[in-house]
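Residue-level structural notes
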Amino acid sequence: MRVLSALVLSLLFMYSSAQKKTAIVSGRLVDENENPLPGVSVMILGKSNGIVTNDSGYFKMTVPADKSFALIFTHTGYAETQKNFYLSENEEEKITLKLNRLGKTLETVVVSDERERKETGLTKINPKNALVLPATVGGIEGLIKTLVGSNNELTAQYSVRGGNYDENLIYVNDFEIFRPYLVKSGQQEGLSFINPEMAKNVSFYNGGFQAKYGDKMSSVLDIQYKKPKAFGGSVYISLLEQGFHIEGSSKKEKLTYLFGVRNRSNRNLLGSQETKGAYIPSSNDVQGYITYQLSEKLQLELLTNFSATKFTLIPESAKKTSSVFSPLFTANLGLDIFFEGQERDAYKTGMIGISVVHQPNKNVRLKWMLSRFQNKENENIDISGAYLFGDRDFDNSSSTFGQIVNPLGAGYYQNYGRNELNIKVWNASLKGSLDKGKHFFQFGTTFEQTTIDDKLYEWEYQDSAGFSLPVNTGRLNSFLQSKANLSIQKYSGYIQDNISLHNENRDITLQGGIRYNYNSLNKEFFVSPRLQVSIKPAWEKDVVFKLATGSYNQPPFYRELRRYDGTLNPEVSSQKSYQLVAGMDYNFKNGYQPFRITTEAYYKIMRDVIPYDIDNLRIRYFGNNSAKAYAMGIETRLYTELVKDAESWLSIGLMNTKENIEGDYFYQYKNAAGEIINAKTPDQVPADSIRNDVGWVRRPTDRLITIGLFLQDYLANNKNFKVHLNMLYGSNMPFNIPNSVKYRNALIIDPYIRVDIGFSALLLSEKNMRRSHNPFKSFDNIWASFEIFNLVDRANTISYQLVKDFSNTVYSIPNRLTPRLVNFKIVARF
């Protein structure tokens, strides 16, 4: 923490330090015919203030001395021009500069969207930042992780305000998006559905969202894909991912099209992990979005996606190490595993959505939607391993360096699985809006048909020192076998009113709505009222106050139904939460540098909670509504531009979330002398017992402190060389000991610390200056990036492997994430 704080303060100090020494640059701007150019904007690169030339094209500007800087000259219809300088104190340099006219004029309109400031929990994300974010799993989800935190760089999934991965909603052009369900680790995960090259608007709600969004308890990610107006596209190649996209429209924009193709392989990432062997991951997808204007009032839209992910692992060996420190002794414990067998997984997802947008007049808009989603997943696992556990020698002068010199345990285990899952979801929806001036009504209704065909067959065998550990079925430690054929109908809908009230003292925005939901699985019907209010006083300071409250209920889908033993519980009811969120949004400037601070405090109380454990990405539910829980915290974010047109932010969150499971208790036994004993030891005879109720314990997602930092910068005299920094810190998290009531979530995963950095250079620009026979004539620009992942080479832990020694003592050996790695990427746009 001290290192992070020092780095942030140093960066802020470096950019905010004032320049006392000055010089002067003056001159005249002319066009290609040597005519003076009035109204040319003259700015120092990275600054937001500047001057304009007078009617004679003349300017005079005070600039910093004894340092490199650049002036940027811009004018509508002319190419932006940059000129570098280095002047001594009080020196004056006079220039005459000719600006080149563009082939065609492109006007950029910047619209200030106050909606982000008035809606509770809303953060607008610029998809362009997703393209430059240095992260092993970048994209939109990578940016979200800088806001809500992360503990796994190999996945695009995220946890929001104490919720798990299943509590997040994702929409693309109003269609709900689903993700694979059998994935157990980030190694198996493929591409995210969202293609950032195709995204136009990204809205992320981390709580207290409106009634128009669906029935989940944590967050909403609402993506709108582009509707292009001209032909264009991009191509990119990196060590991890490759792809291209094209976009365009007909002459009168009656038809627009947007297509993207991607391929990703995590082989370079996975090959550096503790388990050595042959990793063969691959993931690819094809997406398309087409619109066609049938008439002035009717538009047809088509969204389609197909993705296929395959993962093959043929493990050979693994060397894991954990250090133990105590006042009595220290030890470097090692676990060596030698494998045989393999794992082969396949995940296929297909989605097609058709919508008709009808706008009979300027105040009414209706959107009829029909979609089909299918997910096919197969897992084939047959891996066995012999292991040796004990003290590892770390004396590099010893002949046994790196080897286990004092064995504490040995054994053999085998994991076997043949799992199949086929999910089909048909969805028919109507969404609409009615604008009545101060009132803006939104409404919708949905019918959804879901079929689930599931075959689960997996078992695990463990043998320690020639003796089988406690068993459930025969000689197996765990045995799961079940089949499920479910057909579920869901009916849902909403209506909400957005009311705007304005007077000379304040602006007030009210959003009140109600949702309903019914599903045929458990015959449950519930209604969820939700309310938001924002007030912007007519103060000199630009401040908005926000408050949201409501009911957020989440019906079970698939994973929540399955118990630990593999059987399904169709009687599971929805998890229910009541949320209260209060916050403020403050805009201000320090000199010419813009700042924005947002703060939100939240409290969520939950009942009918389905408890769960998380191991890497695998969520294993208890399969019954046996708990109550709460989550509370506060989040603060600071947005600014350290240099012009380069958005940066710092996010800090504090959170506490706990649960109380019904019937969670254990017994302590005493002998005749009143001493607490281990009743399982043969020579100990219990004479009395004491029942202990476990009570409130940390939830699997509990994390006290979360910090995210995203910085962008470029050279003082050259905007074409940029640096992007992505930093994450998360304090410790709990990890559950299986089948232990007394020590539920008692293991501690060390804090997650991650720093990724990227350097970018513009290789090709100024398209209008290239010769006609130039092979790169059609490209607008080409960028090259060099990225360093896990700059500090932190060995972050994702989970634990539990091992017993010869005396039946259990040790926890951490499963580590990726070490320091590099990536190279080239992006070309046309």
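Here's what I pulled together on the structure shown here.

Description of the overall build of the chain
Check the secondary structure of the chain and you find five helices and 45 strands. Whereas a compact globule of 830 residues would reach a radius of gyration of roughly 28 Å, the chain reaches 30 Å, a difference of no more than 12%. Seen along its three principal axes, the alpha-carbon backbone of the chain occupies a region of about 105 × 75 × 55 Å. Burial status across the chain gives 51% buried among its 830 residues. The contacts of the chain with a sequence gap of at least 6 include a subset with a gap of at least 24, amounting to 67%. Surface accessibility of the chain: about 38700 Å² in total, with carbon and sulfur atoms responsible for 56%. Distance between charge centres in the chain, computed from 97 positive and 85 negative side chains, equals 5 Å.

Overview of the sheet that holds strand 4 (residues 58-64)
Taking strand neighbours across the sheet as the criterion, the three strands line up as 4-1-7 in an open arrangement whose pairing is mixed. The open sheet has two edge strands with one neighbour each: strand 4 and strand 7 (92-98). Geometrically, the sheet is characterised by an average inter-axis angle of 25° between neighbouring strands, direction not taken into account. Bridge count between strand 1 (residues 22-30) and strand 7: seven bridges; the pairing is parallel. Opposite Leu29, over in strand 7, you have Leu97 as the bridge partner.

Focus on the environment of Ser203
Within the secondary structure layout, Ser203 lies in strand 11 (residues 199-205). Residue classification places Ser203 among the buried residues on the basis of a relative accessible area of 5%. Each C-alpha atom, one on Ser203 and one on Ser478, is 43 Å from the other, the two residues being 275 residues apart in sequence. Separated by 3.2 Å, the side chains of Ser203 and Lys124 make a polar contact.

Here we look at the pairing of strand 26 (residues 542-554)
In the sheet, strand 25 (residues 524-537) pairs with strand 26 via six bridges, with the strands oriented antiparallel. Its bridge partner being in strand 26, Ser534 is matched across the sheet by Lys546. Between strand 25 and strand 26, which pair antiparallel and follow one another directly, the connecting turn spans four residues. Examined bridge by bridge, strand 26 and strand 27 (residues 575-590) share 13 bridges and lie antiparallel to one another. Looking at strand 27, one finds that Val543 is bridged to Tyr586.

Focus: the pattern of salt bridges
Close approach of charged atoms allows side chains of opposite charge to pair. Applying the stated rule across the entire model yields 31 salt bridges. Ionic pairing is found between Glu301 and Lys367, a salt bridge with its closest N-O pair at 3.5 Å. Remark: Lys367 occurs in strand 19 (residues 364-392) and Glu301 occurs in strand 17 (residues 298-325); sequence separation between them is 66 residues. This pair shows no difference in class: Glu301 is buried, exactly as Lys367 is. Via salt bridges that share partners, Arg161, Glu600, Glu635 and Arg637 belong to a single interconnected network.

Observations regarding the nonpolar core
What tends to happen in soluble globular proteins is that the nonpolar side chains get buried as a cluster. Core analysis: the biggest nonpolar cluster contains 55 residues, and Ile140, Ile144, Tyr158, Phe204, Leu221, Ile223 and Tyr225 have the highest contact counts within it. Looking at which element gives the most residues to this core, the answer is helix 4 (residues 139-148), with five residues. Not counting residues up to four positions away in its chain, the partners in contact with Ile223 are Ile140, Tyr171, Val172, Asn173, Ile194, Ala199, Asn201 and Val202.

Regarding the packing of aromatic side chains
Tallied over the full model, the rule gives 26 aromatic pairs. With a centroid separation of 5.9 Å and 45° between ring planes, the pair formed by Tyr171 and Tyr213 is classed as tilted. Taken together, the residues span a long stretch of sequence, with Tyr171 in strand 9 (residues 168-172) and Tyr213 in the loop between strand 11 and strand 12 (219-225) at a distance of 42 residues. For the pair Tyr171 and Tyr213, one class covers both residues: buried. Grouping aromatic residues by their ring pairs yields a cluster made of Tyr171, Tyr205 and Tyr213. The ring of Tyr665 has Arg691 lying over it, and the distance from NZ or CZ to the ring centre is 3.7 Å.

A short note on helix 4
Burial within helix 4 is extensive, with ten of its ten residues counted as buried. Those residues of helix 4 that sit buried are Gly139, Ile140, Glu141, Gly142, Leu143, Ile144, Lys145, Thr146, Leu147 and Val148. Trailing helix 4 by a residue or two, Gly149 shows a phi angle of about 95°, which is positive.

The rules we used
Residues numbered from 1 in each chain as written. Predicted model: local features only at pLDDT ≥ 70, side-chain atom pairs only at ≥ 80, totals over all residues. Heavy atoms only, no water. Helix = DSSP H or I, 4+ residues; strand = E, 2+ residues; numbered from the N terminus. Rg over C-alpha atoms; globule rule 2.2 N^0.38 Å. Buried < 20%, exposed > 50% of the residue type's maximum accessible area, 1.4 Å probe, protein only. Contact = heavy atoms within 4.5 Å. Areas by Shrake-Rupley, 256 points an atom, 1.4 Å probe, with all protein chains shown as cover. Lys, Arg positive; Asp, Glu negative; His and termini not counted. Charge placed at Lys NZ, Arg CZ, Asp CG, Glu CD. Pairing = 2+ DSSP bridges. Axes fitted to C-alpha atoms, helices over the stretch in contact; angles between N-to-C directions. Polar contact = N/O pair within 3.5 Å; in protein donor to acceptor, adjacent residues only side chain to side chain. Salt bridge = Lys/Arg side-chain N within 4 Å of Asp/Glu carboxyl O. Core = buried A, V, L, I, M, F, W, Y, C linked by side-chain atoms within 4.5 Å. Phe/Tyr/Trp six-rings, centres within 6.5 Å; stacked < 30°, edge-to-face > 60°. Lys NZ or Arg CZ within 6 Å of the ring centre and 35° of its normal.

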